[in-house]
Amino acid sequence: MKLWAISDLHLDYQQNRRALARLPARPDDWLIVAGDISARPRYFHEAWQNLSERFARVIWAPGNHDLWTSREDNGLGGEAKYWSLVELCRQYGVLTPEDPFPEIRCNGHRYLIAPLFILYDYSFRPSHVAGEEALAWARDAGLWCRDEHLLSPAPWRDKPEMCRARSSYSRERLEAAPEGARLILVNHFPLRRDLVRLPRIPRFEIWCGTRRTEDWHRQFPVTAVVHGHLHMRATDYRDGVRFEEVSLGYPKQWDGQKQLEDYLRPILPEPKAPAAPSAGPFWHR
């Protein structure tokens, strides 16, 4: 039995939907999907119908595109949109950040998979940029994120407040995890700022996470952290902990001559770490 991961399926694109339809079954294996399936509920149904039939267990953490308010939602947004997706997941037996952490045993070790829903709070920014200036700082570089129009933080006042609430909730769940198990954290956004490498659009980092989570891999017994969002597939090590960016991405960002299964990242069994893990990334093409 193996544990695999992928994110950013972006099924709004026909090429990505075709790739999903061709994915072979792995009936003994588990799959992590770290967000950004689609803003449209119809493609969530398509994803879960396909994946729940092909894998023994599917675990989901939401991405920002998943939370967008679309025409199909009849105005549903914010926390209400999130809970509608949780209920949709439950129709297909897909586990979410609202379910007990599933346990998996591999090579004599006990692991808990912890899907998280932690947004961002614009704190991934240089120290000289004040929080209230972050959006203007990004806009000065010609950058804007569609989340600002399509992702509602309701019932919270704004996204930083939503992020604080969700990070506190997630921390409480991790602190309550039973002793003796190794954790695999799953979040759509990277948990550390130094994992955000966007050389062409560096100021987009403000929409990429929160500093609240930067030392969680040290505070908890974490074996690996799985995330997406960046569309920059890579493996990093920090303090001996493996960080996996597992995006598929938009059609132009992956090789259409390959199959979707080529982009599934193995999480368990644990791959052998380099003798001296580099602080730099191991890129995946």
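The following paragraphs examine the structure supplied in this document.

Conventions and cut-offs
- Residues numbered from 1 in each chain as written.
- Predicted model: local features only at pLDDT ≥ 70, side-chain atom pairs only at ≥ 80, totals over all residues.
- Heavy atoms only, no water.
- 1 Å grid on protein atoms, 1.4 Å probe; cavity = no way out; pocket = protein on both sides within 12 Å on 5 of 7 lines; lining within 4 Å.
- Points joined across faces, edges and corners; volume = space filled by probe spheres on them.
- Helix = DSSP H or I, 4+ residues; strand = E, 2+ residues; numbered from the N terminus.
- Nonpolar A, V, L, I, M, F, W, Y, C, P; charged D, E, K, R; others polar.
- Pairing = 2+ DSSP bridges.
- Axes fitted to C-alpha atoms, helices over the stretch in contact; angles between N-to-C directions.

1. Side note on empty space enclosed by the protein
Here's step 1: Following the criterion strictly, the structure yields two cavities of 30 Å³ or more and no others.
Here's step 2: The volume enclosed by the largest cavity comes to roughly 60 Å³.
Here's step 3: Lining the largest cavity we find Leu195, Arg197, His227, Leu230, Met232, Ala234, Asp236, Phe243, Glu244, Glu245 and Trp283.
Here's step 4: Counting residues per element, the ones that place at least two in the lining of the largest cavity are strand 8 (234-238) and strand 9 (241-245).
Here's step 5: Tallying contributions element by element places strand 9 first for the lining of the largest cavity, with three residues.
Here's step 6: Counted by class, the lining of the largest cavity contains six nonpolar, one polar and four charged residues.

2. Comments concerning the sheet that holds strand 11 (residues 282-283)
Here's step 1: Read from one edge to the other, the open sheet built from seven strands follows the order 4-5-6-7-9-8-11, with strand pairing classed as mixed. Strands at the two margins of the open sheet, each flanked by one partner only, are strand 4 (103-106) and strand 11.
Here's step 2: The sheet contact formed by strand 6 (residues 182-186) and strand 7 (residues 222-227) spans four bridges and is parallel. If you follow Leu183 over to strand 7, its bridge partner there is Val222.

3. What to know about the sheet that holds strand 10 (residues 265-268)
Here's step 1: Pairing is mixed in the open sheet, where four strands are placed in the order 3-2-1-10. Either end of the sheet is taken by a strand with one partner, and the two such strands are strand 3 (55-60) and strand 10. Geometrically, the sheet is characterised by an average inter-axis angle of 30° between neighbouring strands, direction not taken into account.
Here's step 2: Judged from the three bridges that link them, strand 1 (residues 3-6) and strand 10 form a sheet pairing that is antiparallel. Across the sheet, Trp4 pairs through a bridge with Pro266, a residue of strand 10.

Just distances and angles here, no functional claims.
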